[in-house]
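Per-entry structural report
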Amino acid sequence: RLRAAGRGGCAPARRLRAAAVRRVHELLGPRHPWPKLAGLALLLLVAVAGVWPGMHRVAGDAVLRGSVQRVVLAPVDGYVATAAARPGDGVAAGAVLATLDDQALQLEVAKWQAEYDRLDSEYREAMSLLDSAKVAGLRSSIERAAAEYELAADNLARAAIRAPLAGVVVSGDFSQQIGAPVQRGATLFELAPLDGYRIDIRVPESDVGDVARGQRGRLRLQSLPGTSLEVVVERVTPVATVADGRNVFEAEARRVGRAPDALRPGMQGVAKLDLGRERLLWLW
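This section reports on the structure supplied with the text. Remember, predicted model here, so these are calculated numbers, not experimental data. (Residues numbered from 1 in each chain as written. Predicted model: local features only at pLDDT ≥ 70, side-chain atom pairs only at ≥ 80, totals over all residues. Heavy atoms only, no water.)

On to the packing of aromatic side chains. All chains considered together, the criterion is met by 1 aromatic pair. With 5.8 Å between their ring centres and 65° between their planes, phenylalanine 174 and phenylalanine 189 make a pair best called edge-to-face. Pair noted here: phenylalanine 174 is in the loop between β7 (167–171) and β8 (181–182) and phenylalanine 189 is in strand β9 (residues 187–192), with a separation of 15 residues, a long-range link. The exposure class of phenylalanine 174 is buried, given its relative accessible area of 12%. Owing to a relative accessible area of 1%, phenylalanine 189 belongs among the buried residues under this scheme. (Phe/Tyr/Trp six-rings, centres within 6.5 Å; stacked < 30°, edge-to-face > 60°. Helix = DSSP H or I, 4+ residues; strand = E, 2+ residues; numbered from the N terminus. Buried < 20%, exposed > 50% of the residue type's maximum accessible area, 1.4 Å probe, protein only.)

The following block contains the structure:
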């Protein structure tokens, strides 16, 4: 009875061993070749990916901005008379962006011109009469009238608002606001030069720890799909912002090499930064 019980207790082990042997024969035998080849190819792919290196890249939405922006302010209180420039327009240095109604300014110039002429006539008359007291008083009045005249003439000349540099108009559109009042010191236009750009890249919070200054990458813009620009990271801002419901950090980059003439501030695209080489299996 003990020997029979021992043989009965070994039956499950024997069945498992027999099943394992059958499975090995099925795997190594001639039946089902295609699943076997697929499994072998998968194992080979995993083995290669475990040792073969690939480039680790992080992608982020990017916006092209001017390296600097110049603000054009209203020189005097007035009303918009003409508006020659609109956002996106390229302008030369000194080009007229808009003009203010100069009727009041012309009257101011004429007023002080007449005052200066009157005082000058009285001054000459006092000089001929050798009236030293009146001459001294008129001299200070003439100097004041001359200063007021120069100020009024300068304001009249600045009624034509000109571009301080060659570039592209980033903001400021008064084409639909002719006659609108503007106050002295109000921002009318923003201009960016065409020879200097920076790229703001939104890096996901999960990848910002791998991004550092000096890393290079490529930028593709939506408006120039056939053009790829090389960029290099200059700094990573330490403050997170929320974009599309997720936390992102902005990395500032600059382009490397010659840029196409069609570049304009405000263009958007996708930038991919090269963070180094890692095994393909780890990247996947």
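The biggest cluster of nonpolar side chains holds 23 residues, and the ones touching the most others in it are Ile199, Ile201, Leu219, Leu263 and Leu273. Apart from the residues within four sequence positions on either side, leucine 263 is in contact with Leu64, Leu194, Tyr197, Leu221, Leu224, Leu229 and Arg255. Core analysis: the second largest hydrophobic core is formed by 20 residues, Ala74, Ile161, Leu188 and Leu191 among them. (Core = buried A, V, L, I, M, F, W, Y, C linked by side-chain atoms within 4.5 Å. Contact = heavy atoms within 4.5 Å.)

Residue placement: aspartate 200 occurs in strand β10 (residues 197–204). Among the polar contacts made by the side chain of aspartate 200, one reaches the side chain of arginine 65 at a distance of 2.7 Å. Among residues more than four places away in sequence, those in contact with aspartate 200 are Asp61, Ala62, Val63, Arg65, Glu250, Ala251 and Glu252. (Polar contact = N/O pair within 3.5 Å; in protein donor to acceptor, adjacent residues only side chain to side chain.)

Now for the sheet that holds strand β3 (residues 78–83). Ordered in space as β6-β5-β3-β8, the 4 strands form an open sheet in which the pairing is antiparallel. The open sheet terminates on both sides in strands that have one partner only, identified here as β6 (160–162) and β8. In the sheet, β3 pairs with β8 via 2 bridges, with the strands oriented antiparallel. Along β8, the bridge assignment pairs tyrosine 79 with proline 181. (Pairing = 2+ DSSP bridges.)

Within this structure, the stated rule accounts for 11 salt bridges. The partner of glutamate 115 in a salt bridge is arginine 118, and the shortest N-O contact between them spans 2.8 Å. Note that glutamate 115 and arginine 118 are positioned in helix α4 (residues 103–128) at a spacing of 3 residues, about one turn of the helix. Judged by its relative accessible area of 26%, glutamate 115 falls in the partly exposed class. With relative accessibility at 39%, the residue arginine 118 sits in the partly exposed group. Its salt-bridge partner being glutamate 230, residue arginine 218 comes within 3.8 Å of it at the nearest N-O pair. Pair noted here: arginine 218 is in strand β11 (residues 216–221) and glutamate 230 is in strand β12 (residues 224–243), with a separation of 12 residues, a long-range link. Judged by relative accessible area, which is 39%, arginine 218 ranks as partly exposed. Each of Arg65, Arg198 and Asp200 takes part in salt bridges that share partners, so that together they form one network. (Salt bridge = Lys/Arg side-chain N within 4 Å of Asp/Glu carboxyl O.)

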